[in-house]
Amino acid sequence: MDDITLKLHRQATVVDTHCDTLKCLMPTFTLPRNSQWDDRSNIGMGVRSDLGHIDIPRLKEGGVNCQVFAISSVRNRTRPYALRTAMEMIDIFYQECEKHKEAIAPATTHGDIIKAANEGKVAAMLSIEGADVIEGKIGLLRVFHRLGVRMVGLVHSLRNELADGVADDRTKGGLSELGVQAVEELDRLGTLIDISHLSDAGFWDLMDVAKGPVMASHSNSRAVCHHPRNMTDEMIQAMADRGGVMGMNFAPNFVHPTQATVQGVVDHIDHIVNLVGPDHVGLGSDFDGIPYTPIGLKDVTKMPNITAELVERSYSEEDVRKILGENHLRLIKEVIG
Ligand SMILES: [Zn+2]
């Protein structure tokens, strides 16, 4: 990679809106047999590891300035302990931030992210992937907000009390009444509403109910790669019309049906930019939540390969910076503050 590309990457504020690293750091987490996720509870975030895709040294090497860490409901497997599991994940998040405070700082505002970047630290933001964790109580959204959560996805592919997920492809249901109440409360709190994993019907219900822009923390284009987790052009258009941003997911089966590559990820970016312009696309790797990775993106240290591919395709420096993080920063500033 040439020096100019690398410099552009280093100078940009790089934001990744989704990873599942907290799940890998859970000591008490009962993973299913033959789990694809490594148990790194004894290693933590501070040591450069070959396991998984993200730790602090590798985030720095990859030039990531803001990493969003998901509290994942892990679908129905943790449902009997959804809330407790979420609490443990939040505990691990803050313990790691405390232990490595010279390198990583919890962020709940746009200002926190910029401050961390200026100090050479990685800003770490909490999100919820699957609001099963509120166990049907809207009030817990307020508690999670106080604990630092700033992005919430209603479902994790499977139906819960709030909505149907993309896995409920035969029922075609949208948001429940409780889901509508959750959206209204998230709007009021200034929490970004994340449509990734929501059913198509749920997406359109959400667009009717939500007042502000929404995000897709880790979803691609269905026109480029036909997968229910990806968004149709109509959905992308509707999200862009109200100022939303979608983060590109590196999960190979969302990138390309047969062979996923870094170029394949940028094909999704190309399509979205051609459809709605350069202001609505960013990065949402899904690192540590995907069993394997596209060629050229083996872990977070390879993020500069995205920049190189954008430069190769003659994107302007301004547009590269938008895609790497400025679009998400704009959205965070507008909705979260
Ligand atoms: Zn996910």
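Please refer to the structure placed before this passage.
In this report, we go over the structure that sits alongside the text. Keep in mind that this is a model prediction, so the values were computed, not measured.

1. A look at the coordination of the zinc ion
Ideal geometry at a metal centre gives angles of 109.5 degrees when four donors are arranged tetrahedrally and 90 or 180 degrees when six donors are arranged octahedrally. Bound to the zinc ion on the protein side are E129 (OE), H197 (NE2) and H218 (NE2), at distances that span 1.9 to 2.2 Å. In terms of primary sequence, the donors binding the zinc ion are separated according to E-x67-H-x20-H. One end of the pair, H197, is in the loop between β6 (192-194) and α8 (200-209); the other, H218, is in the loop between β7 (215-216) and α9 (233-241), with 21 residues separating them in the sequence. Since its relative accessible area comes to 5%, H197 is described here as buried. With a relative accessible area of 1%, H218 lands in the buried category.

2. Topic: the packing of aromatic side chains
Each aromatic ring pair is described using two quantities: the centre-to-centre distance and the angle formed by the ring planes. Counted according to the given criterion, the structure contains 4 aromatic pairs. Members of the aromatic cluster, joined through ring pairs, are F69, F93 and Y94.

3. Details of a nonpolar patch on the surface
Where nonpolar side chains cluster on the molecular surface, the patch consists of I43, V47 and L51 and spans about 210 Å² of accessible area. Mapping L51 onto the fold places it in the loop between α2 (21-24) and α3 (56-61).

4. Some points on helix α7 (residues 177-189)
Over its 13 residues, α7 runs 18 Å from end to end, which matches the ideal 18 Å to within 8%, given 1.5 Å per residue. Buried within α7 are the following residues: G179, A182, V183, E185, L186 and L189. Buried residues of α7, viewed axially, fall in a sector of 165 degrees; they line one side. Seen from the buried face of α7, the exposed residues on the opposite side, beyond 90 degrees, are E177 and R188. Note on α7: the residue one or two positions beyond its end, G190, has a positive phi of about 75 degrees.

5. With respect to the nonpolar core
In terms of nonpolar packing, the biggest core is built from 86 residues, with F69, I71, M231, I269 and I306 touching the most fellow members. Once you skip the residues sitting within four places of it in the chain, I306 turns out to touch F250, V262, V265, V266, L283, L297 and L324. Membership of the second largest hydrophobic core comes to 18 residues, among which are A107, V245, I332 and I336.

6. Looking at the pattern of salt bridges
All chains considered together, the criterion is met by 21 salt bridges. The partner of E98 in a salt bridge is K101, and the shortest N-O contact between them spans 2.9 Å. A relative accessible area of 49% places K101 in the partly exposed class. As a salt-bridge pair, K298 and D299 come within 3.6 Å of each other at their nearest N and O atoms. With relative accessibility at 52%, the residue K298 sits in the exposed group. You can call D299 buried: its relative accessible area is 3%.

Conventions used here
Residues numbered from 1 in each chain as written. Predicted model: local features only at pLDDT ≥ 70, side-chain atom pairs only at ≥ 80, totals over all residues. Heavy atoms only, no water. Donors = N, O, S within 2.8 Å, 3.2 Å for Na, K, Ca; no water. Helix = DSSP H or I, 4+ residues; strand = E, 2+ residues; numbered from the N terminus. Buried < 20%, exposed > 50% of the residue type's maximum accessible area, 1.4 Å probe, protein only. Phe/Tyr/Trp six-rings, centres within 6.5 Å; stacked < 30°, edge-to-face > 60°. Patch = residues over 30% accessible without salt bridge, like charges linked within 9 Å, V, L, I, M, F, W, Y side chains within 5 Å. Areas by Shrake-Rupley, 256 points an atom, 1.4 Å probe, with all protein chains shown as cover. Salt bridge = Lys/Arg side-chain N within 4 Å of Asp/Glu carboxyl O. Expected span 1.5 Å × (residues − 1). Arc of directions from axis to C-beta. Core = buried A, V, L, I, M, F, W, Y, C linked by side-chain atoms within 4.5 Å. Contact = heavy atoms within 4.5 Å.

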